Structure formats: C-alpha cells, structure tokens
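Tertiary structure, described
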Amino acid sequence: MILPKNEPGTAPGPFSILGRNELVPYFPFRISHEDEVWVIKNPITGVENELNEPAFWLLKLCDGYRTLDEIITEISNAYKTDRNTVIDMSSALLEKVTGDGMLWWRRGRLNYWKLPPPLAVLWDLTSRCNLRCKHCVVSAGEEGSEELNFAECCKFIDECADFGVSQFILSGGEPMVRKDFFDIAEYAAEKGISIQVATNGTLIDEDAAQRLASIGACAQVSFDSPEPDVHDDFRQHPGSWQRTKDGIGLLIRAGVPVTLAATVTTMNIDDIPRLYELANEMGVQTFRILPFVPFGRGKYADELEVTPARMRELTEFLHSRKEEDGVNIAPMEFECTFSPPPEQELDADTRIGCDGAISYCTVTSGGEVLPCNYFSGAEAENVKEKDFQWIWDNSRFLNYFRSLKATDVNGSCQQCDWLPVCRGSCLAANFAHGDIFQSNCHCWLVKPD
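Throughout what follows, the structure given in this document is the object of discussion. Bear in mind the structure is a predicted one, so any value in this text is a computation, not a measurement.

Quick word on the overall build of the protein
Scanning the protein from terminus to terminus reveals 14 helices and 14 strands. Dimensions of the protein along its principal axes, counting C-alpha atoms only, are 75 × 50 × 45 Å. When each of the 449 residues of the protein is scored for burial, the buried share is 53%. Summarising the internal contacts of the protein: among those between residues at least 6 apart in sequence, 73% fall at separations of at least 24. Between the averaged position of the 41 positive side-chain charges in the protein and that of its 68 negative side-chain charges there is a distance of 2 Å.

Dropping the structure here:
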C-alpha cells in the first residue's frame, strides 16, 4: 500500500479526489533514503513519516507541473496497475500530506521565469548565536550547520557581484559571531555590494561600529521593548537589553544608519508605543515591526502570536504617527486597509505573496537558496554546488513562487477589494499554520475578532 507510517489511531480518513484530477499538486520537501525506506519530515512539526517505494515516486511526481490525472496515469503505467487501484492506494497518503500542509494544490502549472538579479540577498552567515530568542526561525544556538567557509563565501560573493546583486543583508543566527565576519563584509563591499547587517546588537563595540561605518553599511537591530526585563526574557539572556541599547548608540555615533526592529508578541505588544518613543529619543533612522510566526524555535511558543485584532490596533496607532516628525516607520502588513481600496478590478494573473523569489531571496547558512528562511526543509539548490545565477534562473522552488496567482488563494481573500494591493501578504505565515493558500491568517479583515 502507498501509505505513510502512522501512529495507532491516527490513520487518515477517505480522501476525495473528485474535482482534483485537473489540479496540480506540489510536494517541495526533501525525501531522505535510508535502506529500503524513504523518510519525509514535516518542517513545521518535526514529525517524520516513512514511505515505501511507490509512495516515494508518487510524491516525486507531485512536482508542481504534472496534474494529478497525469500522475495517476504515469504510476498506473509504471506499475502495470489499473487507475482505480492506484487511486485507492494513493488516497491516504495524499490526504495525510495535504492535511499536514506539505502538499500544495493549485490550478495552474508552474512556469520558469527570466527575471533580473535580485536587488537583495538575505544571507544567513551562520546558524550560531549568543542568544536564544524564543521566536528564532532557524533555532540558532551553539552549533552551526555546515556553513560556508571563507573561500566559499568569497566565491558566492563573486558570483553575486558578477550577476548584479545590489545588496547583502547579512544575518544569522548572529552574523557577528563569525570570526571572519568583517573579512566577508569588507570583501563584499569591495565588490560593490552594499551591506546591511541584521544583528541583535550585543556584539557591537566601538571598533565594530567604526568598521561598519567605513564600508558604508547600515544595520537592523532587534530590540523588543523599552522594558529590560521583557526584552531579556524574550531573548533568553540577562543583560542583553543594555548591551543592545549600547550597541545601537555606538552605531549611531559612528554614522551607521540604524533600523530598530521589534518582533510583536503577546509579551511586548503593549510596550510598542513606548518603544517607538524610545527609538525617537535614541535617534534611529527607521522603526519597524515584524509579526511573530510560529516557526523554528517559535513553534514551541505559539502563545506569543498576537491576534489580528490586537495587531490592527497597534498598526493603526503607528500609521497615525507617520505624518509626524521623527523616526521613519517602515511599511506594515495590511496597512493598505487604512486607505480606500484600489479602483482597478482584480486581475486573475495578479501574483500573490511577498517579493521573495522576485526581488530578493534567502541563502541559508548551509548555502541553500530559498524565497525566505521560513521554508527551510524544502528541496532547494545549494550555492556550494551550483552557480547562484543558475539557481536564480532554474530553481523549481523559486519559480513555483513566481508562478502563484490570485486564483490560488482560497477563502475570503478572493472577494477582498485590497487583494490587488496586499497580494495575500505573507505566505510563510499561512504555511506555518498548515495551509499556504488559505486567506491570510494574520489579516484582520479575514479574522476581525
């Protein structure tokens, strides 16, 4: 039978493929092979399931291009089995991976797109970190994954410079824990690539601030509350608030433009207005809020996720401050709903999602190229093995995201007047909640209460 290995009492029920024959399924995740068993791992829950050989081939054929009807026909011919038998044997697995959010269904086939080079590459230099933040997407810690060595970093920088990449956002983990951090940053700057550092700020001393200023870098510093205890609790490291605040001060005095970035959670949402005032007092250039998404280490702290209604109150407050003098406020998710909807009707070909895979992408500490690091676990190309420009042009995973259209969104978003503007917003948040094509789980128009 084509079934995953399930715990007792968890076997899936009947899976109807009525109406799905012409849909195109996509299973984008890695499948490992151990002896005669294939294994898939859910990147959200971490749960593993074993597959037999026919199940492996079924999921491999779910490539974002073939329709379900074509897949059933191909398996039927390969195993010399009638279609109804293949359907009966496949249904449980299809239901399982669909219900787990790992099999994505849409009406159209993916296309391959020729795009200009990305304007920016968010590059996780390491998955090591000196803090243990509760929300960390990459679960950063003591041990790093197989991060690129310095020679591999230089090769990657050369490829990006030759391709025409404009900016690196050097992140982690904490990028500055790498002893060769400045060697990497300065080499990239010499190649004409501008540098932004996404940092927790605790490792910034006077020398580091001056070196960043000397290469024209800017910095995004994570800072969560005007209350030291709240910040330190969230970052799980006593004294981090003061070191971060001191680091921001050193950067500003050195002339490095600073964005203060706060991840909004149930721990700090009431503190954000006062944090905005503190940002003004400190002289940072830009104030930015980020939604909490339960992924990585954050999946163990989903109680930190703020309701859409509470996020609307905060966004409305910051939106009202945009006309005032002071620190610039970065664009916020669903801020468009505070203005009249666009007059143009929705075009079915309107692309959905953020600009990941369009004008920027993420390169993980191990070298994998993704739309963003919330999709860690996908089968992705690696810059250790292929030229970055080749990956940008030919990656199936990147081109799948480029192919997504407004007709792929389910639920109330289909009737929303703001869809042409917000484009369904963050697909990663939906993915973390088990359905990448649901109406956005963070939108207050979708979930007003």
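Some words on unusual backbone geometry
A negative phi angle characterises most non-glycine residues, just as the trans form characterises most peptide bonds. Cis peptide bonds are those with omega within 30 degrees of zero, and the linkage from Gly 172 to Gly 173 qualifies with 20°. The residue Gly 173 is located in the loop between strand 7 (167-171) and helix 5 (181-190) in this model. Of note, Lys 80 is a non-glycine position whose phi angle comes to about 50°, a positive value. As for its position among the elements, Lys 80 is in the loop between helix 2 (68-79) and helix 3 (83-99). Unlike most non-glycine residues, Arg 423 shows phi in positive territory, near 55°. Structurally, the position occupied by Arg 423 is in the loop between helix 13 (419-422) and helix 14 (427-432).

Comments concerning the side chain of Thr 286
Position of Thr 286 relative to the elements: it lies in strand 11 (residues 286-291). For Thr 286, a relative accessible area of 11% gives the class buried. Setting aside residues no more than four positions away along its own chain, Thr 286 makes contact with Val 258, Thr 259, Leu 260, Val 327, Asn 328 and Ala 330.

Details of the pairing of strand 11
Relative to strand 11, strand 10 (residues 258-264) runs parallel, the two being bridged by six bridges. Considered in strand 11, the bridge of Leu 260 is made with Phe 287. For the handedness criterion, the β-α-β arrangement of strand 10, helix 9 (residues 272-282) and strand 11 is classed as right-handed. As paired strands, strand 11 and strand 12 (residues 328-329) are joined by two bridges and run parallel to one another. If you follow Thr 286 over to strand 12, its bridge partner there is Asn 328.

Some thoughts on the sheet that holds strand 3 (residues 37-41)
Where strands meet in a sheet, backbone hydrogen bonds hold them as pairs that are either parallel or antiparallel. Taken in spatial order, the three strands line up as 2-3-4 in an open sheet, and their pairing is antiparallel. The outermost strands of the open sheet, each flanked by one partner alone, are strand 2 (31-34) and strand 4 (48-51). Mean inter-strand twist for the sheet, computed between neighbouring axes without regard to direction, equals 30°. Sheet topology note: the strand 2/strand 3 ladder contains four bridges and is antiparallel. Bridge pairing links Glu 34 to Val 37 in strand 3.

Reading the values: the criteria
Residues numbered from 1 in each chain as written. Predicted model: local features only at pLDDT ≥ 70, side-chain atom pairs only at ≥ 80, totals over all residues. Heavy atoms only, no water. Helix = DSSP H or I, 4+ residues; strand = E, 2+ residues; numbered from the N terminus. Buried < 20%, exposed > 50% of the residue type's maximum accessible area, 1.4 Å probe, protein only. Contact = heavy atoms within 4.5 Å. Lys, Arg positive; Asp, Glu negative; His and termini not counted. Charge placed at Lys NZ, Arg CZ, Asp CG, Glu CD. Pairing = 2+ DSSP bridges. Right-handed = clockwise from strand over helix to strand, strands pointing away. Axes fitted to C-alpha atoms, helices over the stretch in contact; angles between N-to-C directions.

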